[in-house]
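Tertiary structure, described
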There are 2 protein chains.
Amino acid sequence: MPTPISIIQFGLGGVGRALVQQVFATREAQARHGIALRYIAVADSAGAIVGERGLDESIVESAARLKERGGNLHEHEAGYFQQSLAALIDLAGQPQTVVVDTTAAEADSLLPAFDLALSRGYALVLANKKPLTASLETWQRLTGEGRAGYEATVGAGLPVISTLRHLLDTGDEVHRIEGVLSGTLGYLMSELQEGAAFGAAVRDAKARGWTEPDPRDDLSGMDVARKMLILARTLGYTGELEDVSVTPLYPASFAALSLDDFMARLDELDVDLAAQRDEAHGAGQRLRYAATIHPGNPDQPAQLRAGPTSVPTDSPLGALRGPDNLLAFYTSRYAARPLVVQGAGAGVEVTASALLGDILRLAHETR
Amino acid sequence: MPTPISIIQFGLGGVGRALVQQVFATREAQARHGIALRYIAVADSAGAIVGERGLDESIVESAARLKERGGNLHEHEAGYFQQSLAALIDLAGQPQTVVVDTTAAEADSLLPAFDLALSRGYALVLANKKPLTASLETWQRLTGEGRAGYEATVGAGLPVISTLRHLLDTGDEVHRIEGVLSGTLGYLMSELQEGAAFGAAVRDAKARGWTEPDPRDDLSGMDVARKMLILARTLGYTGELEDVSVTPLYPASFAALSLDDFMARLDELDVDLAAQRDEAHGAGQRLRYAATIHPGNPDQPAQLRAGPTSVPTDSPLGALRGPDNLLAFYTSRYAARPLVVQGAGAGVEVTASALLGDILRLAHETR
């Protein structure tokens, strides 16, 4: 008989709903792993539906439909109740429980629930980068026991964290990670390469829904910085988010503008970025929004750097086009030619698949 | 206390010796996984050293050094004895045992030992493609219970099988896998693209030790076909090795030649391959030794095909250069743009790391 594994899920947005669908659609694969997943709580910011002995699929699915129509859980008829996230943790009557965070909530609102879950021996699976990029002490608390999965936080469904863990577990040494960690910025740099004006490319991408509502949330590079910090901390880096050196794609003075003013003045960025592109092309290179992580060693401190960077045309980063993410791992064993992973690094389906992969792995280990 | 996991290893060649070194060098990572690996038997074709309660590191290392100098285990002073591989399986006094095959031996000589190991509940980890590309019935017997790891058989240390398993476990559907699965053939096609004559490129590669002693073992495409069959069988393919359609890089009449005659007549291949290359370039494409797997569906039978193929210059395969392996997974979720894994697909260190990764994963699951 498969072991029942209980899921307590925070968030029922696009990723959360895709995960619900995948959990219910993969019963066979779960059985192959000797487990059977069931929901005992699904929470959003308004409330939660709970069922200690496992929520019926139809209940979870109707809650997902309600959310998809723009409702929230306290309008849900069945089993609704409102309490703190930490209180939900108490519902699970068994240690074979996984707490899944599909939100983008701030770390402070989640940590009491996470701490309680870990103290009970539950596993933790996150798509949310914020708790993992809070203080080093928080990182160590959440990941220290090896009970946290966070494959979804970097490259969505791409095998990034698992590859890094494999390299470390088998005694390889990571010398450098280079990558493009934002599909949006990858797309914009591709457009720039093809001759587009930067401001027009941003406006166009925003109109298509390919940027955050405020494009500065992409252009600041902060999302890239969070991913870099998670990669580096996996390698043992002991710094903080502010130690990541990030060059935004707009000048500091633009940070204080209203969104409307920022959009209106976007074209002012064209000249500088065209000049950077032309300089790269003049040197036979390509301009990318590149992230570089040097894990450091006894002779050299770690260095995490992201920003517009001129790269060789025939390097993995130089050959990249469009919105793909790419990570190149340069190690003792992959020295001259890196191990490269490439593909879509965003999207609700692939992000949910990374969460499900972590749930299966961690459930397997505690079965 | 970490759980002791016993290893019975067949083969102490380059890959086997690299694995010994990695097993002894990764004690910390093993402890993080809650396990402690120890050798209870190491066998080559001449004999074995055994120690039911765990062989001392120094004994295993001195056996490895003896092999490196060209000796074999029956010359080893300590603990040598000769018996069948199957008899070695009886040594393990606990179910937490992993049998590792680092040989290139024929399936028939190994299967009695493998069957006995599986019947005892041991795990099986293979770098050897032959047992997995024997009959479908053998494949099902070895892999059916999920107790066999074979990441090392395709792309060496690259995350190929684990990625495929992740896609399947999370309910994605694989429509097509395209790849370059031979570093040697990738290198030769790159040289051809740069304008080299094919025969000269083969001779040069052989002189550098980059081909098998008889280059036909690479040029036949049979090694690629075995890897394709393993990928396809992981996807549920029920065919046999002879169902893989492979076009060798030499005409059928060359198969019967002696090695010397074959090498002497190598330049006769130049004209045809140069013509294929020029035709590809003329169409704005590139010539690659490409492997394509269509898993099939109710409307269309599965199709496995490998050979010289003209591919778009800006496709993942077209952009590839040098001896790297590359696998592009086209799936429901990675539809327009595939999930790509690229890097060195051969080498004793990276092959051993794939074996160690499988050992850790399977040990973890039975701990």
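Residues numbered from 1 in each chain as written. Chains lettered and ligands numbered in written order. Predicted model: local features only at pLDDT ≥ 70, side-chain atom pairs only at ≥ 80, totals over all residues. Heavy atoms only, no water.

**Here we look at the overall build of chain A**
- A tally of helices and strands in chain A yields 15 helices and 13 strands.
- Since a compact globule built from 367 residues should have a radius of gyration of about 21 Å, the 21 Å found for chain A is in line with a globular shape.
- A principal-axis box enclosing the C-alpha atoms of chain A has dimensions of 65 × 50 × 35 Å.
- Buried residues in chain A amount to 56% of all 367 residues.
- Across chain A, every contact between residues at least 6 apart in sequence was considered, and the portion connecting residues at least 24 apart equals 71%.
- Carbon and sulfur atoms form 49% of the exposed surface of chain A, whose accessible area is close to 14,600 Å². (Helix = DSSP H or I, 4+ residues; strand = E, 2+ residues; numbered from the N terminus. Rg over C-alpha atoms; globule rule 2.2 N^0.38 Å. Buried < 20%, exposed > 50% of the residue type's maximum accessible area, 1.4 Å probe, protein only. Contact = heavy atoms within 4.5 Å. Areas by Shrake-Rupley, 256 points an atom, 1.4 Å probe, with all protein chains shown as cover.)

**Section: unusual backbone geometry**
- In this model, A156(A) sits at a positive phi of 55°, which is unusual for a non-glycine residue.
- Along the chain, A156(A) turns up in the loop between β7 (148-149) and α7 (161-169).

**Quick notes on the environment of Y122(A)**
Residue and element names in this part refer to chain A.
- With respect to the helices, strands and loops of the structure, Y122 is situated in the loop between α5 (107-119) and β6 (123-126).
- The class of Y122 is buried, set by a relative accessible area of 3%.
- Placed 115 residues apart in sequence, Y122 and I7 show a C-alpha to C-alpha distance of 9.8 Å.

**Quick look at the packing of helix α8 (residues 183-193) of chain B against helix α9 (residues 198-207) of chain B**
Residue and element names in this part refer to chain B.
- Two numbers describe how α8 lies on α9: the axes approach to 9 Å, and their chain directions differ by 135°. With respect to α9, the axis of α8 lies oblique. The interaxial crossing formed by α8 with α9 has right-handed handedness. Across from Y187, L188, E191 and L192 in α8, the residues of α9 making contact are F198, A201, V202, D204 and A205.
- Here the contact of α8 with α9 is built from residues that sort into 7 nonpolar, no polar and 2 charged. (Axes fitted to C-alpha atoms, helices over the stretch in contact; angles between N-to-C directions. Parallel < 35°, antiparallel > 145°, perpendicular 65-115°, else oblique. Left-handed = near helix turned anticlockwise from the far one by under 90°. Nonpolar A, V, L, I, M, F, W, Y, C, P; charged D, E, K, R; others polar.)

**Some details on the pairing of strand β12 (residues 325-331) of chain B**
All names here are of chain B.
- Within β12, 7 of the 7 residues are buried, which leaves it mostly tucked inside the rest of the structure.
- Of the two faces of β12, the one lined by N325, L327, F329 and T331 and the one lined by L326, A328 and Y330 are each fully buried.
- Sheet topology places strand β8 (residues 174-180) next to β12; 6 bridges connect them, and they run antiparallel. In the strand pairing of β12, E178 is matched with A328.
- Bridge count for β12 against strand β13 (residues 339-343) is 5 bridges, and the pairing is antiparallel. (Pairing = 2+ DSSP bridges.)

**Digging into the interface of chain B and chain A**
- On the side of chain A, 35 residues touch chain B, which itself brings 35 residues to the contact.
- Interface of chain B and chain A: buried area, both sides summed, is about 2,900 Å²; carbon and sulfur atoms make up 53% of it.
- Its largest share of buried area at the contact with chain A, chain B owes to D169(B), R333(B) and R337(B), together 21% of the area lost on that side.
- The interface formed by chain B and chain A includes 6 salt bridges.
- A salt bridge links D324(A) to R337(B); its shortest N-O distance comes to 2.2 Å.
- Broken down by element, the residue count for the side of chain B that touches chain A peaks at 9 residues, all from helix α15 (residues 348-366) of chain B.
- Counted by class, the side of chain B that touches chain A contains 14 nonpolar, 13 polar and 8 charged residues. (Buried area = accessible area lost by both parts, 1.4 Å probe. Salt bridge = Lys/Arg side-chain N within 4 Å of Asp/Glu carboxyl O.)

**A look at the relation of the copies chain B and chain A**
- Note on the copies: chain B fits chain A at an RMSD of 0.0 Å, the axial shift is 0.0 Å, and the rotation between them is 180°. In symmetry terms, the pair is related by a two-fold rotation axis. When each C-alpha of chain B is compared by its distance to the rotation axis, V341(B) comes out closest, at 2.4 Å. (Least-squares fit on C-alpha atoms with pLDDT ≥ 70 in both.)

**Quick notes on the sheet that holds strand β11 (residues 303-312) of chain B**
- Overall, mixed pairing links the 12 strands, which are arranged β9(A)-β11(A)-β10(A)-β8(A)-β12(A)-β13(A)-β13(B)-β12(B)-β8(B)-β10(B)-β11(B)-β9(B) in an open sheet. The open sheet is flanked by β9 (245-246) of chain A together with β9 (245-246) of chain B, the only strands paired with a single partner.
- Judged from the 3 bridges that link them, strand β13 (residues 339-343) of chain A and β13(B) form a sheet pairing that is antiparallel. The partner of V340(A) across the bridge, within β13(B), is Q342(B).
- Across the sheet, helix α8 (residues 183-193) of chain A lies against β8 (174-180), β10 (285-294), β11 (303-312) and β12 (325-331) of chain A, angled at about 155° from β10(A), the strand it touches most.

**Examining the pattern of salt bridges**
- Inspection of every chain in the model, using the stated rule, returns 40 salt bridges over all chains.
- Of the charged contacts, one joins D44(B) and K67(B) as a salt bridge, the two residues approaching to 2.9 Å between their closest N and O atoms. Of this pair, D44(B) sits in the loop between β2 (35-43) and β3 (48-50) while K67(B) sits in helix α3 (residues 57-68), placing them 23 residues apart in sequence. Taken as a pair, D44(B) and K67(B) share a single burial class, namely buried.
- The closest approach of N and O atoms between E137(B) and R141(B), which form a salt bridge, is 3.1 Å. Note that E137(B) and R141(B) are positioned in helix α6 (residues 136-143) at a spacing of 4 residues, about one turn of the helix.
- Among the residues examined, R141(B) registers a relative accessible area of 34% and is labelled partly exposed.
- Here the salt bridges share partners, and the residues they tie into one network are D115(A), E137(A) and R141(A).

**As for the packing of aromatic side chains**
- Taken as a whole and judged by the stated rule, the model has 12 aromatic pairs over all chains.
- For the pair F24(B) and Y39(B), a centre-to-centre distance of 5.9 Å together with 75° between the ring planes defines the contact as edge-to-face. Here the residue F24(B) occupies a position in helix α1 (residues 14-25), and Y39(B) occupies one in strand β2, the gap between them amounting to 15 residues. Judged on exposure class, the residue F24(B) and its partner Y39(B) are both buried.
- Note on Y187(B) and W210(B): the rings are 5.0 Å apart at their centroids and 85° apart in plane angle, and the pair reads as edge-to-face. Here W210(B) lies in the loop between α9 and α10 (216-219) and Y187(B) lies in helix α8, a separation of 23 residues in the sequence.
- Under the relative-accessibility criterion, Y187(B) is labelled buried at 11%.
- Here the aromatic residues Y250(A), F254(A) and F262(A) are joined through ring pairs into a cluster of three or more.
- The ring of Y330(A) has R176(A) sitting right over it, with the charged end atom 3.9 Å from the ring centre. (Phe/Tyr/Trp six-rings, centres within 6.5 Å; stacked < 30°, edge-to-face > 60°. Lys NZ or Arg CZ within 6 Å of the ring centre and 35° of its normal.)

**Comments concerning the side chain of D324(B)**
- Along the chain, D324(B) turns up in the loop between α14 (316-319) and β12.
- A polar side-chain atom of D324(B) sits 2.2 Å from a polar atom in the side chain of R337(A). (Polar contact = N/O pair within 3.5 Å; in protein donor to acceptor, adjacent residues only side chain to side chain.)

**Overview of the confidence of the model for chain A**
- For chain A, per-residue confidence averages 94 on the pLDDT scale, and 98% of positions sit at 70 or higher.
- Interface predicted TM-score (ipTM) for the complex: 0.95; the corresponding pTM is 0.96. (pLDDT = per-residue confidence, 0-100.)

**Some words on α1(B)**
- With 12 residues, α1(B) should cover 16 Å at 1.5 Å per step; its first-to-last C-alpha distance of 17 Å lies within 8% of that length.
- Within α1(B), the full set of buried residues consists of V15(B), G16(B), A18(B), L19(B), V20(B), Q22(B), V23(B) and F24(B). (Expected span 1.5 Å × (residues − 1).)

**Focus: helix α7 (residues 161-169) of chain B**
- Here α7(B) has its buried residues at I161(B), T163(B), L164(B), H166(B), L167(B) and D169(B).
- Directly after α7(B), the chain includes G171(B), whose backbone phi takes a positive value near 85°.

**Examining the pairing of β13(B)**
- Buried residues dominate β13(B), accounting for 5 of its 5 residues.
- With burial as the criterion, each face of β13(B) is covered, one bearing L339(B), V341(B) and G343(B) and the other bearing V340(B) and Q342(B).

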